[in-house]
Amino acid sequence: MTVVNAGPQPTLREARVPEGGMYESVRVLRRLPEGWEERPYEHFELVPQGCTIGAEIRGISLARPLGDALREELNRALLEWKVLFFRGQRLTSAQQRDFARHWGELETNPLLAQGSSEDVVRFDKGDRAMPTFENVWHADVTFRERPALGAVLQLHEVPPFGGDTMWADMAAAYDNLPREVRDRVDGATAVHDFIPGFARFYPPERLIPLQSAFPPVEHPVVRTHPETGRRLLFVNTSFTTRITGMEREESDRLLRYLTQQAHVPEYQVRFRWQPGDVAFWDNRATQHYAVNDYGPHRRVAERVAVAGDRPF
C-alpha cells in the first residue's frame, strides 16, 4: 500500500488586535435591578423608547401640581427607565422649577448662563455662538461633592434639523465590563475637577475665582444608586482627571477604556426634540450628549437641576 504524505496541515494565521478595545460580543441588557418588582403604571401611559433606557410619558401635564401618588409613580418610572420624555409641555420657567422641586432642592451653577432666575440655566446657541458644553459624553457637575440628582430640560426653540440629545445607561455599561476590569475598578476612586471641562471655553481669569468653591473631589469609580442599589460606572470625559493611586499612564489608559463605554449604542437612547418638549433624567445613572449638528440654526433650551447626595 502506498502512503501519500499530505504535508503540513494549514493553520490559521495570528490575528493581533490592540489591547483594551471593545469588540463584538453578546451584551447584557438588563433594565431593572435584580429582585425589582415591576408593576403597571396607573396615572399615565408609558411608551418605551429604548431597551434599557428612555420612556415617553403620555397623558399628564407637568404644569399642574403633582399629587403624592403621581409623584411616586413618576419617580418609579425614572428609576426604571432613567430618562423620561414629555411632549409639548410648554412650561414657564416657574412651572419647570416647581416640577423639579418635587425631587429636592434646586441647584445653581455659576459657570453657565442664567435664565429667569439663578437656578435656571439657559443654553442659547445660534450661528455665532461657541459650541460649548456639547458633543461630549458626561454627567452633570460630578466635580461637586454632591453631584446633581437629576435635571429637567425644556427646548424652547428647535432647529429644523439636528440638535438631538442622547443618554447612556451607566448601569448597563458597568454590567458589561469584563471581569478583570471590574476587579480593578470596584472599590477604586477617581478625582473629578471642573477645570478640564470649562478651560476649553473660558479664560483663566473666569475660572480662578471659582477654584476655592470647587476644589477637586474624589468619587467612587463605580457608585451605588441610592434608591435602586444598582452598580453604576461613574467616570466621564469632562470632569474625571485620574484614578487615585495609579500612575498617570495607567490611569489614562483605564479611563479611556471606561469612558468609551458610554459610546455603545445598545446602552443609549436618542431624542428628537420639538418645541415645548421636556426631558427629565437621573444624573446618577446616566450620561448625556448634546449633538452639535444643527449650525447655523438656533437652538434654545432651559435646564433646572436638582441637588444630589454624596456618591458611595
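Residues numbered from 1 in each chain as written. Predicted model: local features only at pLDDT ≥ 70, side-chain atom pairs only at ≥ 80, totals over all residues. Heavy atoms only, no water.

Going by what an unreviewed UniProt entry lists, the protein is known as TauD/TfdA family dioxygenase and is assigned to Streptomyces plumbiresistens.

Some words on the overall build of the protein
Counting secondary structure elements, the protein contains 7 helices and 16 strands. Here the C-alpha coordinates of the protein stretch approximately 95 × 50 × 40 Å along the principal axes. Each of the 312 residues in the protein was classed as buried or not, and the buried ones make up 52%. About 15,600 Å² of surface is accessible on the protein, with carbon and sulfur atoms providing 50% of the total. Of note, the protein has its 39 positive side-chain charges centred 2 Å away from the centre of its 44 negative side-chain charges. (Helix = DSSP H or I, 4+ residues; strand = E, 2+ residues; numbered from the N terminus. Buried < 20%, exposed > 50% of the residue type's maximum accessible area, 1.4 Å probe, protein only. Areas by Shrake-Rupley, 256 points an atom, 1.4 Å probe, with all protein chains shown as cover. Lys, Arg positive; Asp, Glu negative; His and termini not counted. Charge placed at Lys NZ, Arg CZ, Asp CG, Glu CD.)

Remarks on the packing of aromatic side chains
Under the counting rule described, the total for this entry stands at 21 aromatic pairs. For the ring pair F85 and F271, a centre distance of 4.1 Å and an interplane angle of 0 degrees mean the geometry is stacked. Of the two residues, F85 is situated in strand β3 (residues 83-86) and F271 in strand β13 (residues 268-271); the sequence distance between them amounts to 186 residues. In this structure F85 comes out as buried when scored by relative accessible area, which is 0%. Judged by centre distance (5.3 Å) and plane angle (55 degrees), the ring pair of F133 and F198 falls under tilted. Of this pair, F133 sits in the loop between β5 (121-125) and β6 (150-157) while F198 sits in helix α5 (residues 194-199), and the two are 65 residues apart along the sequence. Overall, F198 belongs to the buried group, its relative accessible area being 4%. The structure contains a cluster of three or more aromatic residues connected by ring pairs, namely F133, F143, F194, F198, F201, Y202, F214 and F239. Looking at R31, its charged tip hangs above the ring of W81, at a distance of 3.9 Å from the centre. One residue, R223, lies across the ring of F234, its end atom 4.9 Å from the ring centre. (Phe/Tyr/Trp six-rings, centres within 6.5 Å; stacked < 30°, edge-to-face > 60°. Lys NZ or Arg CZ within 6 Å of the ring centre and 35° of its normal.)

Description of the sheet that holds strand β8 (residues 189-192)
Judged by pairing direction, the sheet is antiparallel, and its 3 strands sit side by side in the order β9-β8-β12 without closing on themselves. Each having just a single partner strand, β9 (217-220) and β12 (240-243) make up the two edges of the open sheet. Strand after strand, the sheet turns through a mean of 35 degrees between neighbouring axes, direction not considered. Pairing of β8 with β12, which is carried by 3 bridges, proceeds in the antiparallel orientation. Looking across to β12, one finds that H192 is bridged to T240. (Pairing = 2+ DSSP bridges. Axes fitted to C-alpha atoms, helices over the stretch in contact; angles between N-to-C directions.)

Regarding the environment of P33
If you trace the backbone, P33 turns up in the segment before β1 (45-48). Residue classification places P33 among the buried positions, given a relative accessible area of 11%. With 197 residues separating them along the chain, P33 and R230 place their C-alpha atoms 6.1 Å apart. Other than its neighbours up to four places away in sequence, P33 contacts T228 and R230. (Contact = heavy atoms within 4.5 Å.)

Here we look at the pattern of salt bridges
Side-chain pairs of opposite charge can arise where the charged atoms are in close proximity. Using the criterion set out here, one finds 31 salt bridges in the structure. Between R101 and D98 there is a salt bridge, with its nearest N and O atoms 3.1 Å apart. Judged by relative accessible area, R101 falls into the partly exposed class, the value being 41%. For D98, a relative accessible area of 44% corresponds to the partly exposed category. Of the charged contacts in the structure, one is a salt bridge between D164 and R270, with a shortest N-O distance of 2.9 Å. Of the two residues, D164 is situated in the loop between β6 and β7 (165-169) and R270 in strand β13; the sequence distance between them amounts to 106 residues. For R270, a relative accessible area of 45% corresponds to the partly exposed category. Each of the salt bridges in this network shares a partner with another, and the network as a whole consists of R30, D175 and R230. (Salt bridge = Lys/Arg side-chain N within 4 Å of Asp/Glu carboxyl O.)

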